[in-house]
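# A closer look at the structure
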Amino acid sequence: MKKAGNVGKKEYAVWIFVFAVFVFYLAWALAAPFDASPDESMRYQIVEFIVKHGSLPDGRDPEIRNANWGISYAFNPILPYMAGAVLVKIVQLFTASFRATVIAARMVNVLLGGGMAWVTWKIGELVFRRKEAGRFFAVLVCFLPGTCFLFSYINTDGLALFTTAWILYGWCRACKEGWSLSVCIQMGIAMGLCMLSYYNAYGYLLMSAVFFVGCMMKCQEQKWDWKQMMKKGCLMLGIVFLVAGWWFIRSGILYDGDFLGMKTSSIYAEKYAIDELKPSNRVLPVNMGMSVLDMMLWVPGSWQHNWLVTVLVSFVGTFGHLDIFMPYLWSKLYLLVFTVGILGNLWKLRWDFDVATEFIRKEKKADGDGVTVTEVWRKNKKWNVRNWMHICMAVAMVIPAGLLVYYAYASDFQAQGRYMMPMVFPFLYFVTLGYENWLEKLTGKEKIKMWISRGGQAIAVLSALLTYFLVYRAAY
């Protein structure tokens, strides 16, 4: 009975957390006026088109083409906008209020945020030994101001965060229970939905393949299990194709083989954008003779900080059209907290990243003269799947940052931390892991560790609340 009661309390706690996150994200969605976030009007055009015509738009359609940029968001996957259109149609049965329809479209991301909260909590339960550490991780992710902002307006970034969290949950389950049928099905669905989100999340698809192959090659009693790898790999690929294949086939048909729609989008931008926004006329660091490091340290025009610092504080939280900033000291305190957490991993790098663990057995016995000697027996190295996951998480964390650097340097110079947001899960996982290491050094008393963790959770929530009331809502 006691065990069942503990399980009930755990489930009770996760649903309280999910509800709190949902309500908080809803408050963010309700606070801002329409088009007070990056390109929300362009995104809402897709929702309106589907509601009006009952069909999916062609990215080249003049009805949804932006006059300044010469393109539309219909070249990219639009699954959240499709779901938003369904909610808008339902709302229109009761009211013709434009504000109500906008909130209905935003509700897709609010709901995805609640789903992300549940998955993040479950990840924490699987990967951390201490319960409070898992909860600290979930609070850091869900109450980071930058995360809250992404779930407050119409975009595909919310789906990207939800699906990348789901993919990581699948990795964690695979570590615990192996690549069971349910894990493979879950991974296939999560990866398929990830493909229909935003391209900066695609690094998780690549690393899912790497993680899976590594597991199947080395984790099945140290045997190269080709048969199981092909069987389960094909199952997951088949599910991914069923979930996402239709969109890319459609794009390939519409845009003469351009399955991603990116080439056609660039052609239309060059053709219809105003002169200063045409791809050929953009001022880019690569065309100015800058190195990547030069770009990172560059302070353009009226900017208060260089590109790198602007990206970092934007990752923590910059709102509106990226013109509503948290106080810089506030943002930098977040960065300091993250840095201390990451540094906590340095003395355990081998413990957390060595994928081949060598087991040693020592035996003591007396020799012929009665002298006790120790014989050391070295067993074969065993593949450490947890550490293999750590390596894949680290690479998945770096990919969005690398894509942003390349994008700003060679395609469209911007300093938007939201493009790095898919890295938030592995990054804050390693931050939390680092603080766990610090606590082990500071104290051996579990009760002290528990209250320190709870204090950290309270501070993170309080900081998010203050950001909402004093910065975000105050701006409107």
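Below: a short report on this structure. Just so you know, these numbers come straight off a predicted model, no measurement behind them. Note on numbering: residues in each chain are counted from 1, in written sequence order. Totals for whole chains, interfaces and linings use all residues, but because this is a predicted model, local features are given only for residues with pLDDT of at least 70 and pairs of side-chain atoms are given and counted only at 80 or more. Water and hydrogen atoms play no part in the side-chain values, which are based on all heavy atoms of the structure.

### Describing the overall build of the protein
The helix and strand tally for the protein stands at 18 helices and four strands. Only C-alpha atoms enter the radius of gyration; for comparison, a globular chain is expected to reach 2.2 Å times N to the power 0.38, where N is the number of residues. On C-alpha atoms alone, the protein measures out to a radius of gyration of 25 Å, which is about the 23 Å that the 2.2 N^0.38 rule sets for 476 residues. Note on exposure labels: buried denotes an accessible area under 20% of the residue type's maximum, exposed denotes more than 50%, and partly exposed covers the range between, all computed with a 1.4 Å probe on protein chains only. Each of the 476 residues in the protein was classed as buried or not, and the buried ones make up 51%. Looking at the protein alone, contacts between residues at least 24 apart form 73% of all its contacts between residues at least 6 apart. To measure how exposed things are, a 1.4 Å probe is used in the Shrake-Rupley method; for residues, cover is taken only from the protein chains shown. Counting only carbon and sulfur atoms, one obtains 66% of the accessible surface of the protein, whose full area is about 22,700 Å². Just so you know, the count uses Lys and Arg for positive and Asp and Glu for negative, and it drops His and the chain ends. We put the charge of a Lys on NZ, of an Arg on CZ, of an Asp on CG and of a Glu on CD. When the 47 basic and 32 acidic side-chain charges of the protein are each reduced to a single mean position, those positions are 9 Å apart. Where helices and strands are cited, they refer to DSSP runs of H or I of at least four residues and of E of at least two residues respectively, numbered from the N terminus. We call two residues in contact when some of their heavy atoms are within 4.5 Å.

### Some points on the nonpolar core
Joining through side-chain atoms within 4.5 Å is the link that ties buried Ala, Val, Leu, Ile, Met, Phe, Trp, Tyr and Cys residues into a set, and such a set is a nonpolar core. Within the largest apolar cluster, 139 residues are counted, with the highest numbers of intra-cluster contacts made by M116, W171 and W179. Leaving out residues up to four positions away in the same chain, M116 has contacts with Y25, V141, C142, T147, F151, L161, F162, A165 and F425. Counting five residues, the second largest nonpolar core, distinct from the first, contains I71, F75, Y255 and Y268.

### A word on the packing of aromatic side chains
Aromatic rings considered in pairs are described by the distance between their centres and by the relative angle of their planes. In this scheme Phe, Tyr and Trp rings, the latter by its six-membered ring, pair at centre separations within 6.5 Å, and the angle between planes marks the pair as stacked below 30 degrees, edge-to-face above 60, and tilted otherwise. Summed over all chains, the structure comprises 45 aromatic pairs. Pairing W118 with Y169 gives two aromatic rings, centres 6.1 Å apart and planes at 80 degrees, and the pair type is edge-to-face. Of the two residues, W118 is situated in helix 4 (residues 98–127) and Y169 in helix 7 (residues 157–177); the sequence distance between them amounts to 51 residues. Overall, the relative accessible area of 26% leaves W118 in the partly exposed class. Classification of Y169 as buried rests on a relative accessible area of 14%. An aromatic cluster of three or more residues is present, and its members are F17, F24, W28, W121, F143, F149, Y153, F319, Y468, F469, Y472 and Y476. Just above the ring of Y272 sits the side chain of R65; from NZ or CZ to the centre is 3.7 Å. Sitting over a ring, as applied to charges here, requires NZ of Lys or CZ of Arg to be within 6 Å of the ring centre and within 35 degrees of the ring normal. Cation over ring: R454 sits above W451, and NZ or CZ is 5.0 Å from the ring centre.

### Some thoughts on helix 4
Between the first and last C-alpha of helix 4 there are 44 Å, a value that for 30 residues agrees with the 44 Å anticipated at 1.5 Å per step. Taking the largest bend as the criterion, helix 4 deviates by roughly 30 degrees, centred on R106. The buried count for helix 4 comes to 22 of 30 residues, which makes it a mostly enclosed element. Two to three positions downstream of the cap, the backbone nitrogen of R99 sits 3.4 Å from a side-chain oxygen, assigning the N-cap of helix 4 to S97. Helices are assigned an expected span. That span is 1.5 Å times one less than the residue count. Note that bend, as reported per residue, equals the angle between axes fitted to the 7 residues terminating at that residue and the 7 residues originating from it. For this analysis, a polar contact is any N or O atom pair within 3.5 Å, provided that within protein one partner can donate a hydrogen and the other can accept it, and provided that sequence-adjacent residues contribute only side-chain to side-chain pairs.

### Here we look at the packing of helix 3 (residues 79–92) against helix 4
A fitted line through C-alpha atoms represents every axis, and for helices the fit uses only the stretch in contact; the resulting angles, taken between N-to-C directions, go from 0 to 180 degrees. Helix 4 packs onto helix 3 with a crossing angle of 140 degrees between their chain directions and a minimal axis gap of 8 Å. Considered as vectors, helix 3 and helix 4 are oriented oblique to each other. The two elements helix 3 and helix 4 meet at a crossing, and its hand is right-handed. Touching P80, A83, G84, L87, V88, V91 and Q92 of helix 3 are A100, T101, A104, A105, M107 and V108, all from helix 4. Partitioned by chemical class, the residues of the contact of helix 3 with helix 4 number 10 nonpolar, three polar and no charged. An angle below 35 degrees is read as roughly parallel, one above 145 as roughly antiparallel, one from 65 to 115 as roughly perpendicular, and any other as oblique. The hand of a helix crossing depends on one turn: near helix anticlockwise from the far one by less than a right angle means left-handed, and clockwise means right-handed. Following the grouping adopted for this structure description, the nonpolar residues are Ala, Val, Leu, Ile, Met, Phe, Trp, Tyr, Cys and Pro, the charged ones are Asp, Glu, Lys and Arg, and the polar ones are all others, Gly among them.

### Some remarks on unusual backbone geometry
For D39, which is not glycine, the phi dihedral falls at a positive 60 degrees. Inspection of the secondary structure assignment puts D39 in the loop between helix 1 (2–31) and helix 2 (40–53).

### Some thoughts on the pattern of salt bridges
Here, a salt bridge means any side-chain nitrogen of Lys or Arg that lies within 4 Å of a carboxyl oxygen of Asp or Glu. For the structure on display, the rule yields 13 salt bridges. E132 serves as the salt-bridge partner of R454, at 3.2 Å between the closest nitrogen and oxygen. A residue pair is termed long-range when its members are at least 10 positions apart, and R454 in helix 18 (residues 446–472) and E132 in helix 5 (residues 131–142) qualify at 322 residues. On the basis of relative accessibility, which here comes to 4%, the residue E132 falls in the buried class. For R350, the salt bridge goes to D354, with nearest N and O atoms at 3.7 Å. Residue R350 is classed as exposed on the basis of its relative accessible area of 69%. Given a relative accessible area of 27%, D354 falls into the partly exposed group. Among the charged side chains, a salt-bridge network with shared partners connects R130, E436, E446 and K449.

All we've got here are geometric facts, nothing functional implied.
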